[in-house]
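Residue strings, one per chain:
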Amino acid sequence: MGRLVGWIPATVRLAVGMLFVGGVVGFALAAAGSTVVADQGWFSGSGESAQARTYMIRLLSRDAAGLNAMRPEQDVISRALSEQSAQQSQQSNVKALSLTYLGGQSQGGLSVHIYAVEVQGSGGRQQLFPLALTLSGGRVVLTR
Amino acid sequence: MNEARAALVLALFVGGVVGGAVLQRVTDAGVPQNPYPSLDRIDEPAVGAQVAAALLNSDSRALAQLVAPEALTALRDALMSPMGTPVVDVRSVRFVGATAKDGTTLAAYVLTGKDVQGTDAIVGFVFDIQNGEIVGVN
């Protein structure tokens, strides 16, 4: 190791090392801080949550594994039921036509985000229905 | 000289911290792009505003006049905290957005208050409005 960096002046090594260490610390602190702020709903007002949008996209694309990852830890039976539901949904001819974020609000560690979903069934019939997500700690704890 | 060196080290470290934080914000993906089209947003429907005011004022008479029995039952079921307990002390009812298509209007609200156990609660619900009347609550 001494031969690899020995030719570099000590001052330069010190400068690079401090910048690197500081950069790692700054990156980690910013990432942790943004996670806490998002989970607590600080400064979010009525803005759409990234987790809520991700959940809705996975729901409409019938990504059962992705949905389970965004829900609180469940028992294996509940996860299996979710997989079955997703498989049945995939076999249907329901097609998502639109996804509209209506709004949301945060309080304490909970945030509510409401969407309007438009789908078209196998008979061509279109339906517009709402979905309200309740998030806590970045996970969807309630869907109405 | 030692003080100057210490100041340099500290300045470099702080500069690195700031740079790392900036890099994290720049590279943060944020909200993923919506792959589906979105419907246009509309203003708050009048009947939704009236029901929201009745909820906030605990005006049961106004609610009975504005909302059909089936929808009122659905509204009661919707106003349950995430813990499954009814919200009995309404602190705020806020309209967050609405959209409409083919004669159906969806008006979304967020209610905050306390449940029967005194725990803070936040609930989202949506009025299904057709021909100026609330026909359903989600």
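Nothing here was measured: the structure is a model prediction, and the numbers come from that model.

What counts as what
- Residues numbered from 1 in each chain as written.
- Chains lettered and ligands numbered in written order.
- Predicted model: local features only at pLDDT ≥ 70, side-chain atom pairs only at ≥ 80, totals over all residues.
- Contact = placed C-beta atoms within 7 Å.
- Helix = DSSP H or I, 4+ residues; strand = E, 2+ residues; numbered from the N terminus.
- Pairing = 2+ DSSP bridges.
- Axes fitted to C-alpha atoms, helices over the stretch in contact; angles between N-to-C directions.

Our focus in this paragraph is the interface of chain A and chain B. Of the residues lining the interface, 45 residues belong to chain A; the matching set on chain B comes to 44 residues. Considering each element in turn, the side of chain A that touches chain B owes the most residues, 16 residues, to helix α2 (residues 10-40) of chain A.

Residue and element names in this part refer to chain A. Pairing of strand β2 (residues 110-120) with strand β3 (residues 126-136) involves 11 bridges; the strand directions are antiparallel. Among the inter-strand pairings, V119 is bridged to a residue of β3, identified as Q127. Between β2 and the antiparallel strand that follows it, β3, lie 5 residues; G124 among them carries a positive phi value of about 85°. Two strands pair when backbone bridges link them, and β3 and strand β4 (residues 139-143) are joined in this way by 4 bridges, in the antiparallel orientation. Its bridge partner lying in β4, L133 is registered against T143. If you look at the hairpin formed by β3 and β4, you'll find 2 residues sitting between the two strands, and G137 has a positive phi there, around 60°.

Turning next to the sheet that holds strand β1 (residues 95-107) of chain A. Residues and elements named next belong to chain A. With antiparallel pairing, the 4 strands of this open sheet are ordered in space as β1-β2-β3-β4. For this open sheet the edge positions go to β1 and β4, each flanked by a neighbour on one side alone. Each strand axis lies, on average, 30° off the axis of its neighbour in the sheet, ignoring direction.

In short, shape yes, function no, at least from these values alone.
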